[in-house]
Amino acid sequence: MPAYFLGVDGGQSSTTAIIGDENGRVVGIGKGGPCNHASAAEGRARFIGAVTTSVGAACLEAGLDAATIHFVSACLGLSGGPANKPAILAEILKCERILVTDDSQIALSGALAGEPGIVVIAGTGSIAFGRNGEGRTARAGGWGYLFGDEGGAFWIFREAMRAALAWEEGWGSPTALRAMLLDAVAARNIRARNITDIMHLCYTPELPRQRAASLSRLVNIAAENGDPIADKILGDAARELALLVRTIRALLFKSGESVPCAYVGGVFHSRILLARFREALQQEPGLVATPPVHHPAIGALLEAYRARGPVPYGFNQPFLARRLG
């Protein structure tokens, strides 16, 4: 009877499940909603729904029965950490072995195809995670938007808001960000007379954190058009992300040792920010910035294979990036 393995990337905006067979061939991919919280009753229901929907869709594509499938091994990398989730997963997944970890570990496994190194993730928030050749690991950042997440999308949005507020109050430098933020909010049918109104909306359901973070793209547009304030925000973000990487390097690797650093997340879609990030890393001898090899869901699948034994020979699915990106 064929053996199947499961990898799941559960994030703040969506969940991706991927199923592989014993030969390392990917047979099914499925998507679901966010699954970063599972404590309250409502959060638990969303978490279960996200996992069952994504796994069910992957099973459907693979021609498997989601109600009866029994996985040899499964790895789930979940935003917000694994606390209180293993017990829930044991109720909804049939697995011989199940590994529940956070999303940074599977991002590293996917980004560097299981090899030692560092990954820095800059989506809504930010975090860096590394593993050396001896298997030791370390992380930096990932404190959440209240206490950290420097360089992440919400942090960039917040810095844009601070700059626009300062100009609006008459003590900051002129910036195109003020008009751009007002126009973007108006385009979403949200009434705001000024930046102060937008600030207050951030404390209401009308402009939740993830929606606000999506407005960080305006900073890149403004910087591309020559706005010096926006350019500085992107430069500051890049330096903050590089600092996370250098921290991990000092904890895990020898001075001068060549260390690959993969960058993952929507923030790095900014050409300006990525260039500044690369420049910042070059100041530390041995750090080499590299795009990710695989999606984090592939990283989770790799870890599922590792939990059972060696990764099947020839496992290499770069073409999946077009479907998982």
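For the structure given in this document, a descriptive report is provided here. (Residues numbered from 1 in each chain as written. Predicted model: local features only at pLDDT ≥ 70, side-chain atom pairs only at ≥ 80, totals over all residues. Heavy atoms only, no water.)

**Regarding the overall build of the protein**
Piece 1. Scanning the protein from N- to C-terminus turns up 12 helices and 10 strands.
Piece 2. Against the globule reference of 20 Å for 325 residues, the protein gives a C-alpha radius of gyration of 21 Å, in line with a compact fold.
Piece 3. In terms of principal-axis extent, the alpha carbons of the protein reach across some 70 × 50 × 30 Å.
Piece 4. A total of 325 residues make up the protein; the buried ones form 51% of that total.
Piece 5. Counting contacts in the protein only where the partners sit at least 6 residues apart, residues at least 24 apart contribute 64% of the total.
Piece 6. For the protein, the accessible area works out to roughly 15,200 Å², and carbon and sulfur atoms hold 53% of it.
Piece 7. Distance between charge centres in the protein, computed from 31 positive and 29 negative side chains, equals 1 Å. (Helix = DSSP H or I, 4+ residues; strand = E, 2+ residues; numbered from the N terminus. Rg over C-alpha atoms; globule rule 2.2 N^0.38 Å. Buried < 20%, exposed > 50% of the residue type's maximum accessible area, 1.4 Å probe, protein only. Contact = heavy atoms within 4.5 Å. Areas by Shrake-Rupley, 256 points an atom, 1.4 Å probe, with all protein chains shown as cover. Lys, Arg positive; Asp, Glu negative; His and termini not counted. Charge placed at Lys NZ, Arg CZ, Asp CG, Glu CD.)

**Looking at the packing of aromatic side chains**
Piece 1. Inspection of every chain in the model, using the stated rule, returns six aromatic pairs.
Piece 2. Measuring from centroid to centroid gives 5.8 Å for Phe154 and Phe157, while their planes differ by 50 degrees, and the two rings are tilted. Pair noted here: Phe154 and Phe157 are both in helix H4 (residues 153–168), with a separation of three residues, about one helical turn. For the pair Phe154 and Phe157, a shared accessibility class is recorded, and that class is buried.
Piece 3. A connected cluster of aromatic rings, assembled from ring pairs, spans Tyr145, Phe154 and Phe157. (Phe/Tyr/Trp six-rings, centres within 6.5 Å; stacked < 30°, edge-to-face > 60°.)

**A look at a nonpolar patch on the surface**
Piece 1. A surface patch of nonpolar side chains, about 540 Å² in accessible area, is lined by Trp143, Tyr145, Leu146 and Phe147.
Piece 2. Relative to the assigned elements, Phe147 resides in the loop between strand E8 (137–141) and H4. (Patch = residues over 30% accessible without salt bridge, like charges linked within 9 Å, V, L, I, M, F, W, Y side chains within 5 Å. Salt bridge = Lys/Arg side-chain N within 4 Å of Asp/Glu carboxyl O.)

**A word on the sheet that holds E8**
Piece 1. In space, the five strands of this open sheet follow the order E8-E7-E6-E9-E10, with mixed pairing throughout. Two strands close off the open sheet at either side, each with one partner strand: E8 and strand E10 (287–290). Neighbour to neighbour, the strand axes of the sheet diverge by 20 degrees on average, direction disregarded.
Piece 2. Two elements, strand E6 (residues 117–122) and strand E9 (residues 259–264), share four bridges in a ladder whose sense is parallel. Within the sheet, the bridge partner assigned to Ile118 lies in E9 and is Cys261.
Piece 3. Relative to the sheet, helix H3 (residues 103–111) contacts E6, strand E7 (126–131) and E9, its axis offset from that of E6 by approximately 120 degrees. (Pairing = 2+ DSSP bridges. Axes fitted to C-alpha atoms, helices over the stretch in contact; angles between N-to-C directions.)

**Let's talk about the pattern of salt bridges**
Piece 1. Applying the stated criterion across every chain yields a total of 11 salt bridges.
Piece 2. Note that Arg25 and Asp21 form a salt bridge whose closest N and O atoms lie 3.3 Å from each other.
Piece 3. Judged by relative accessible area, which is 5%, Asp21 ranks as buried.
Piece 4. The partner of Arg162 in a salt bridge is Glu159, with the nearest N and O atoms 3.8 Å apart. Of this pair, Arg162 and Glu159 are both found in helix H4, three residues apart, which corresponds to roughly one turn of the helix.
Piece 5. Accessibility expressed as a relative area gives 53% for Arg162, which makes it exposed.

**As for the state of the cysteines**
Piece 1. Under the defined criterion, the tally for this structure stands at zero disulfides.
Piece 2. With no disulfide of its own, Cys59 lies 10 Å from the sulfur of Cys95, the closest cysteine sulfur.
Piece 3. Residue classification places Cys59 among the buried residues on the basis of a relative accessible area of 0%.
Piece 4. Looking at Cys75, it has no disulfide partner, and the nearest cysteine sulfur is the one in Cys95, 11 Å off. (Disulfide = S-S within 2.5 Å.)

**Quick notes on the nonpolar core**
Piece 1. Grouped together as the largest cluster of nonpolar side chains are 58 residues, with contacts concentrated most on Val120, Ile156, Leu181, Leu241, Phe268, Leu273 and Phe277.
Piece 2. Ranked by the residues each element gives to this core, the list is headed by helix H9 (residues 228–252), at 11 residues.
Piece 3. Sequence-distant contacts of Ile156, defined by excluding residues within four places in its chain, comprise Gly151, Ser216, Val219, Ile233, Leu234, Ala237, Val267 and Leu273.
Piece 4. Counting 24 residues, the second largest nonpolar core, distinct from the first, contains Val8, Ala74, Leu76 and Val100. (Core = buried A, V, L, I, M, F, W, Y, C linked by side-chain atoms within 4.5 Å.)

**Points about the packing of helix H8 (residues 217–224) against H9**
Piece 1. H9 packs onto H8 with a crossing angle of 120 degrees between their chain directions and a minimal axis gap of 7 Å. It follows that H8 is oblique to H9 by the angle criterion. In the packing of H8 onto H9, the handedness of the crossing is left-handed. Between H8, through Val219, Asn220, Ala222 and Ala223, and H9, the contact on the second element is made entirely by Ala230, Asp231, Ile233 and Leu234.
Piece 2. The class makeup of the residues in the contact of H8 with H9 is six nonpolar, one polar and one charged. (Parallel < 35°, antiparallel > 145°, perpendicular 65-115°, else oblique. Left-handed = near helix turned anticlockwise from the far one by under 90°. Nonpolar A, V, L, I, M, F, W, Y, C, P; charged D, E, K, R; others polar.)

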